[in-house]
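Okay, here's what each chain looks like letter by letter:
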Amino acid sequence: MLKTLTKSLLAASLIAASSIAAQAADYTIRATANSNENDEDYDGLVVFKNYVEAASNGAIEVELFIGTQLCSKGAECLQGVADGSIDVYISTSGGASGIFPYVQVLDLPYLMADDRIAEEVLSGDFTRKMREMALASSGDKIRLMTIGNTGGWRNFANTKRRVQNPSDMEGLKIRTVVADLPQELVRALGASPTPIPWPELFTSFQTGVVEGSKNGITDIMGMKFPDAGLQYVTLDGHAYMGALWWMSNDKFMSMPEDMRSVVVDGFSALQQATFASPKRKSIQAYQDFVAGGGDLYVPTPAEKAAFKESAAPVYDWFKGNIDGGPEIFDALTAAVADAEADINAGRMADIK
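Residues numbered from 1 in each chain as written. Predicted model: local features only at pLDDT ≥ 70, side-chain atom pairs only at ≥ 80, totals over all residues. Heavy atoms only, no water.

A. How the structure looks around the overall build of the protein. Looking only at helices and strands, the protein has 14 helices and nine strands in total. Here the protein has a C-alpha radius of gyration of 23 Å; the compact-globule value for 352 residues is 20 Å, and the two agree. Principal-axis analysis of the C-alpha atoms gives the protein an extent of 85 × 50 × 45 Å. Considering the protein as a whole, with its 352 residues, one finds that 48% of them fall into the buried category. Working note: accessible area of the protein is about 16,000 Å², and carbon and sulfur atoms make up 53% of it. Distance between charge centres in the protein, computed from 30 positive and 45 negative side chains, equals 4 Å. (Helix = DSSP H or I, 4+ residues; strand = E, 2+ residues; numbered from the N terminus. Rg over C-alpha atoms; globule rule 2.2 N^0.38 Å. Buried < 20%, exposed > 50% of the residue type's maximum accessible area, 1.4 Å probe, protein only. Areas by Shrake-Rupley, 256 points an atom, 1.4 Å probe, with all protein chains shown as cover. Lys, Arg positive; Asp, Glu negative; His and termini not counted. Charge placed at Lys NZ, Arg CZ, Asp CG, Glu CD.)

Next comes the structure, spelled out in structure tokens:
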């Protein structure tokens, strides 16, 4: 009798649990990243899913689509966000620049000095300003939720020689995305920009179609580019590899305020995860690069200043040629100045 009662209670509890689970998810968020499970984007989404589902007490369910199940390119994916078939999507600045050209401000070289500066800037009002601009540009359809990181810092890497000064870039064929700004930067440094799709880059190194790229070390090692001849990396850190996390504004605003608060906090947790992930993953990546015979060079302060001076014309080009360029440039440089002042003041207090 006891055994029968136990079985009955267990069955009842399972039915109740199933009933609660079926009723609990009032909202479903379909999130996609065109990457894989070894990527920072995936790390961020796992944290986001865990936080949002727990903090909403199951009222929000997050479905993850990793890869190209829902869409494969920036414009296509952002259109999905705009029309509501995709709720959350992560892009690089290059992937979103066709719709929001001013996001290329994140590719402007040598404006943010290090992780502490970048993380403080991207956690504050600068991101809110870009959100405001993106909502206006998309007719209130596409909302920028946060900016994280996807791969650390962009550095120059090549198959030919060590690059210590801008003059060492002369004549190198550097792979860029199709967007204008990265091409302008490469030209300003005396090299030749060569747009190549990402999947074709390994073969392009092997055949000499391109001789260099602008990538983070985790991407370089993850794609096995040293096997294709990429043996020289200069840690100039010219751009922080920002990850732009977009959400359907219709979906976001359809939720009550308490659920929107959960989603916002979830994106904050996601941002922190993507800030941390590349730091950890880059340690082994750098070790593997050097162990494989790679040449890793850290520019001196004077050499880095020379790179920044050579790249300076790109700032004027950006402000003169990009819609919204002056507005977002001023917002970024003001945020950087504030972050530098706050961090330097805190550092001085901490060392005394």
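More follows now that the structure is in view.
B. Structural detail: the nonpolar core. Ranked by internal contacts, the top residues of the largest apolar core, which has 57 residues, are Val-121, Phe-126 and Trp-246. Sort the elements by how many residues they give to this core and helix α14 (residues 325–350) lands first, with eight residues. Sequence-distant contacts of Trp-246, that is, excluding residues within four places in its chain, are made with Leu-78, Asp-87, Val-88, Tyr-89, Ser-91, Ala-96, Phe-100, Val-103, Ala-134, Ile-142, Arg-143 and Leu-144. (Core = buried A, V, L, I, M, F, W, Y, C linked by side-chain atoms within 4.5 Å. Contact = heavy atoms within 4.5 Å.)

C. Main features of the pairing of strand β7 (residues 212–215). Here β7 shows two buried faces, one formed by Gly-212 and Lys-214 and the other by Ser-213 and Asn-215. With four bridges connecting them, strand β4 (residues 142–158) and β7 associate as antiparallel partners. Directly across from Phe-156, in β7, lies its bridge partner Lys-214. (Pairing = 2+ DSSP bridges.)

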